[in-house]
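For reference, the chains in residue letters:
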Amino acid sequence: MQIIKVKNYQEMSNKAAEYIIQKVVQFPNCNLGLATGGTPIGTYQNLIEDHQKNGTSYRDVTTFNLDEYIGLAASNKNSYHYFMNDQLFKHIDINPERTFIPRGDAADIQKECLRYEECIERHGGIDLQLLGIGSNGHIGFNEPGASFESNTHVVNLTQSTINANSRFFANKDEVPTKAITMGIATIMKSKEILLLASGSKKSEALFKLLNLEVNEGFPASILQKHPSVTIIADEEALSRVKI
């Protein structure tokens, strides 16, 4: 693993955007795996600014999002479809037909999981996967105990994850308790992984990621076995790590 230490969230976001932009410029038809939540928002803002100022094009880029809440339509303001359109897609020149996100309101959720996995494979897999890390070690919505052999599947969210996500909802009762997520095996098939972490709340998770033996009780630990992982993290997130 390569670790890039930065000062704060802003610098993390800048570095991450530079990393993604370089990939897109070198490989204009690359497949990007994208994430939601608070961590990548600054990165997406930098991508938008670069697109507007420098004209970096996403016309031939294909994107796959990690996950989506079950029960939320794409038009729901708390869905990850809405998040991605609002935070990134509508501000750049990406073709909407090339942006893929699991359908949380699909009539048959199990078929949707299979369809999504097949869609990723049909497009040749993910070239660069953007990840955050949960305080309990989840990547995507793969909670502790998730099988390292899992493909795209349905998960029951842990209470800690529900609590963490509740800040995006009017009240805690509205937070979905299930989601569709890329499985750990799906994530590990990505050619390259870029993991972002910021703030003291992520310090223990990063310490465990880098020091624990690989085990399903801490899902992110599997990244130790991936051949190409870059971590961009700020001083607070790396406060327990010796570099």
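Cut-offs used in this document
- Residues numbered from 1 in each chain as written.
- Predicted model: local features only at pLDDT ≥ 70, side-chain atom pairs only at ≥ 80, totals over all residues.
- Heavy atoms only, no water.
- Helix = DSSP H or I, 4+ residues; strand = E, 2+ residues; numbered from the N terminus.
- Rg over C-alpha atoms; globule rule 2.2 N^0.38 Å.
- Buried < 20%, exposed > 50% of the residue type's maximum accessible area, 1.4 Å probe, protein only.
- Areas by Shrake-Rupley, 256 points an atom, 1.4 Å probe, with all protein chains shown as cover.
- Lys, Arg positive; Asp, Glu negative; His and termini not counted.
- Charge placed at Lys NZ, Arg CZ, Asp CG, Glu CD.
- Pairing = 2+ DSSP bridges.
- Contact = heavy atoms within 4.5 Å.
- Axes fitted to C-alpha atoms, helices over the stretch in contact; angles between N-to-C directions.
- Core = buried A, V, L, I, M, F, W, Y, C linked by side-chain atoms within 4.5 Å.
- Phe/Tyr/Trp six-rings, centres within 6.5 Å; stacked < 30°, edge-to-face > 60°.
- 1 Å grid on protein atoms, 1.4 Å probe; cavity = no way out; pocket = protein on both sides within 12 Å on 5 of 7 lines; lining within 4 Å.
- Points joined across faces, edges and corners; volume = space filled by probe spheres on them.
- Nonpolar A, V, L, I, M, F, W, Y, C, P; charged D, E, K, R; others polar.

Colleague: Just to check I follow, could you spell out the overall build of the protein chain for this structure?
Modeller: What the protein chain contains, in helices and strands, is seven helices and ten strands. Against the compact-globule benchmark of 18 Å for 243 residues, the protein chain has a radius of gyration of 17 Å, which places it among compact chains. For the C-alpha atoms alone, the extent of the protein chain along its principal axes is close to 45 × 40 × 35 Å. For the protein chain, the residues scored as buried account for 54% of the 243 residues in total. Of the roughly 11300 Å² that the protein chain leaves accessible, carbon and sulfur atoms contribute 46%. Of the side-chain charges in the protein chain, 24 are positive and 28 negative, and the distance between the mean point of each set is 3 Å.

Colleague: Mind showing me how you'd approach the sheet that holds strand β3 (residues 62-65) here?
Modeller: Adjacent strands of a sheet pair through backbone hydrogen bonds, lying either parallel or antiparallel. The parallel open sheet is built from seven strands, whose spatial order is β1-β10-β9-β6-β2-β3-β5. Of all the strands in the sheet, the pair left with one neighbour each is β1 (2-6) and β5 (99-100). In the sheet, strand β6 (residues 128-131) pairs with strand β9 (residues 192-197) via four bridges, with the strands oriented parallel. Bridge assignment links Leu 131 to a residue of β9, and that residue is Leu 195. On the sheet, helix α1 (residues 9-26) packs against β1, β2 (31-34), β6, β9 and β10 (229-234) and is oriented at approximately 165 degrees with respect to β9.

Colleague: Looking at this structure, I do not really get the sheet that holds strand β8 (residues 178-181). What am I missing?
Modeller: With antiparallel pairing, the three strands of this open sheet are ordered in space as β4-β8-β7. A strand with exactly one partner marks an edge of an open sheet, and here the two such strands are β4 (67-69) and β7 (153-156). Neighbouring strand axes in the sheet, compared pairwise and without regard to direction, differ in orientation by 30 degrees on average. Seen against the sheet, helix α4 (residues 109-122) touches β7 and β8 and runs at an angle of roughly 125 degrees to β7.

Colleague: What exactly am I supposed to notice about the nonpolar core here?
Modeller: Among soluble globular proteins, nonpolar side chains are generally buried collectively. Leu 32, Tyr 44, Leu 47, Tyr 58, Met 84, Leu 88 and Leu 194 are the most contacted members of the largest nonpolar core, which has 38 residues in total. Secondary structure elements with two or more residues in this core: α1, β2, α2 (41-54), α3 (80-87), β6 and β9. Here this core gets seven residues from one element, more than from any other, and that element is α1. Discounting residues that sit within four places of it in the chain, Leu 47 has contacts with Ala 17, Ile 20, Ile 21, Tyr 58 and Leu 88. With 32 residues, the next largest nonpolar core counts Phe 100, Ile 120, Ile 139 and Ala 205 among its residues.

Colleague: Looking at this structure, how should I read the packing of aromatic side chains?
Modeller: Per the stated rule, a full pass over the model turns up six aromatic pairs. Both rings, one in Tyr 69 and one in Phe 141, keep their centres 5.9 Å apart while their planes meet at 40 degrees; by these two values the pair is tilted. Separated by 72 residues along the polypeptide, Tyr 69 in strand β4 and Phe 141 in the loop between β6 and β7 bring together distant segments of the chain. Owing to a relative accessible area of 3%, Phe 141 belongs among the buried residues under this scheme. An aromatic cluster of three or more residues is present, and its members are Tyr 69, Tyr 80, Phe 141 and Phe 169.

Colleague: When you look at the layout of surface pockets in this model, what are you seeing that I'm missing?
Modeller: Estimated volume of the largest pocket: approximately 720 Å³. Forming the boundary of the largest pocket are 32 residues, of which Thr 39, Ile 133, His 138, Arg 167 and Lys 202 lie nearest the centre. At the level of secondary structure, the elements contributing two or more residues to the lining of the largest pocket comprise β6 and α5 (159-165). The dominant element in the lining of the largest pocket, judged by the number of residues it contributes, is α5, at four residues. For the lining of the largest pocket, a count of residues per class yields 13 nonpolar, 15 polar and four charged. When its volume is computed, the second largest pocket comes out at roughly 160 Å³. Contributing to the lining of the second largest pocket are Gly 37, Tyr 69, Lys 77, Asn 78, Ser 79, Tyr 80, Tyr 82, Phe 83, Asp 86, Gln 87, Phe 168 and Phe 169.

Colleague: What am I meant to see in the environment of Val 241 here?
Modeller: Mapped onto the secondary structure, Val 241 falls in the segment after β10. For Val 241, a relative accessible area of 14% corresponds to the buried category. Sequence separation between Val 241 and Lys 208 is 33 residues, and the spatial gap between their C-alpha atoms is 9.4 Å. Leaving out residues up to four positions away in the same chain, Val 241 has contacts with Leu 206, Phe 207 and Leu 210.

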